[in-house]
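So you can see what is in the structure, the chains are spelled out below.
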Amino acid sequence: MAWSIADVARMSGVTSRTLRHYDEIGLLPPAWIGSNGHRYYEEADLLRLQQILLMRELDLGLREIQGVLDSQVDQLAALREHHRRLLAERDRLETLARTVGRTIAELEEGKDNSDMAKINRPENLFEGFEPGRHEAEARERWPEQWEQSQRAIAGMTAEDMEQWQREVTAQMIRMAAFMVAGTPVADPAVQAEVDAHYQGVCRFWTPCAAAYKGLGQTYVDDPQFRTNFDRITDGLAVYQRDAMAVYADARLS
């Protein structure tokens, strides 16, 4: 039995564009290409895609994944190792969920105080976060921008980094509040929040309109990024992407 690229995209949640990219770099070639030019995948290809997604969830880069898959002999042993690491990741996510929940509760308690003075223990904001988790991805996709961002980070003090992390946490929660309230992404208040996001990104690298839109799309397409947004509120990654696209068209084009 075989499935078309559209079938695989629908089942897995991986976009057709990403599947075509995986084919182009030799990571996941289809079983065959039909006379209509469409890619078709068999069961072995679906199992390989599952392993790719598992390793993406564990933040391996595409080159690392290809190396693992090409050298892999014992599929069962590999799955056992994935399972062990996923259990460890589950524990980390539970901690992170508690962190976000605690932040929401404290922000709600102090919502009339815009400087977040009601955060009783600032260190609690960062429990469960791992700032370096996406470095391999950034290096792979945007090497020049990654180098620029590393230089910027190297110039930050510990206090600067803590303040930035506080801002990111609060910003995601504010965007979630707009989304839950049904505020359109083009609303001036939402766009003001996106402008703050853009200025935050510019502390590390300066994206043009296309790059900023691409960053927003990455929040949706990349499983780890999407999980980070959607664990605050389902659909937040898409809402953030759409708001960033409006901003890019209006302010960066």
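Residues numbered from 1 in each chain as written. Predicted model: local features only at pLDDT ≥ 70, side-chain atom pairs only at ≥ 80, totals over all residues. Heavy atoms only, no water.

Looking at the sheet that holds strand S3 (residues 39–41)
So the rule is basically this: In this scheme, strands are said to pair when DSSP sees at least two bridges between them. Put simply, DSSP H or I for four residues or longer makes a helix, DSSP E for two residues or longer makes a strand, and each gets a number counted from the N terminus.
Pairing in this open sheet of three strands is antiparallel, and the strands run S1-S3-S2 from one edge to the other. Either end of the sheet is taken by a strand with one partner, and the two such strands are strand S1 (3–4) and strand S2 (32–33). Here S1 pairs with S3 via two bridges, running antiparallel. Each bridged residue has a counterpart across the sheet, and for Trp 3 the counterpart in S3 is Tyr 41.

Focus: the nonpolar core
This is how it is decided: We call a set of buried Ala, Val, Leu, Ile, Met, Phe, Trp, Tyr and Cys residues a nonpolar core when their side-chain atoms join them within 4.5 Å. Any residue under 20% of the maximum accessible area for its type is buried, any over 50% is exposed, and the rest in between are partly exposed; the area is computed with a 1.4 Å probe on protein chains only.
In this structure, Met 175, Val 190, Val 194, Tyr 212, Leu 215, Leu 236 and Tyr 239 are the most contacted members of the largest nonpolar core, which totals 27 residues. Going through the elements one at a time, helix H8 (158–180), helix H9 (188–202), helix H10 (209–221), helix H11 (223–230) and helix H12 (236–252) are the ones with two or more residues in this core. By residue number, the principal contributor to this core is H12, which donates seven residues. In terms of nonpolar packing, the next biggest core, distinct from the first, is built from 17 residues, Ile 5, Tyr 22, Leu 60 and Ile 65 among them.

Focus: the environment of Gly 13
Mapping Gly 13 onto the fold places it in the loop between helix H1 (5–12) and helix H2 (16–24). The sequence separation of Gly 13 and Pro 223 amounts to 210 residues, and the corresponding C-alpha distance is 9.2 Å.

Focus on the side chain of Asp 23
Stated precisely, the cut-off is as follows: Under this definition, polar contacts are N or O atom pairs within 3.5 Å; protein pairs additionally need one hydrogen-donor-capable and one acceptor-capable atom, and for neighbouring residues in sequence, both atoms have to be side-chain atoms. Whether two residues are in contact is decided by their heavy atoms: any pair within 4.5 Å suffices.
Note that Asp 23 resides in helix H2. Separated by 2.7 Å, the side chains of Asp 23 and Arg 39 make a polar contact. Each residue touching Asp 23, except ones within four places of it in the same chain, is listed here: Leu 28, Pro 29, Pro 30 and Arg 39.

Quick word on the packing of aromatic side chains
For clarity, the cut-off: Aromatic rings from Phe, Tyr and Trp, with only the six-membered ring used for Trp, were paired whenever their centres fell within 6.5 Å, and each pair was classed as stacked if the ring planes differed by under 30 degrees, edge-to-face if by over 60, and tilted otherwise.
Going through the model one piece at a time under the given rule, you end up with six aromatic pairs. Taking the centre distance of 5.5 Å and the plane angle of 40° together, the rings of Tyr 198 and Tyr 247 count as tilted. With Tyr 198 in helix H9 and Tyr 247 in helix H12, the pair connects residues that are 49 residues apart, well separated along the chain. Classification of Tyr 198 by relative accessible area gives buried; the value is 8%. Judged by relative accessible area, Tyr 247 falls into the buried class, the value being 2%.

What about H2?
Basically, it comes down to this: Comment: arc refers to directions from the helix axis out to C-beta atoms.
Inspection of H2 places Thr 18, Leu 19, Tyr 22 and Asp 23 among the buried residues, and these make up the whole buried set. For H2, the arc enclosing every buried residue in end-on projection is 145°, short of the 170-degree limit, so these residues lie on one face. Looking at H2, the residues exposed on the side facing more than 90 degrees away from the buried face are Arg 17 and Glu 24. Buried residues along H2 sit in contact with H1, S3, helix H3 (43–57) and helix H4 (62–71). Gly 26 sits one or two positions beyond H2 and adopts a positive phi of about 80°.

Re the environment of Arg 85
For Arg 85, the location among the structural elements is in helix H5 (residues 75–109). Between the C-alpha atom of Arg 85 and that of Glu 57, which follows or precedes it by 28 residues, the distance is 9.9 Å.

Describing the environment of Ile 5
Examined against the element boundaries, Ile 5 turns out to sit in helix H1. Classification of Ile 5 by relative accessible area gives buried; the value is 12%. When sequence neighbours within four positions are dropped, the list of residues in contact with Ile 5 reads Ser 16, Leu 19, Arg 20, Arg 39 and Tyr 41.

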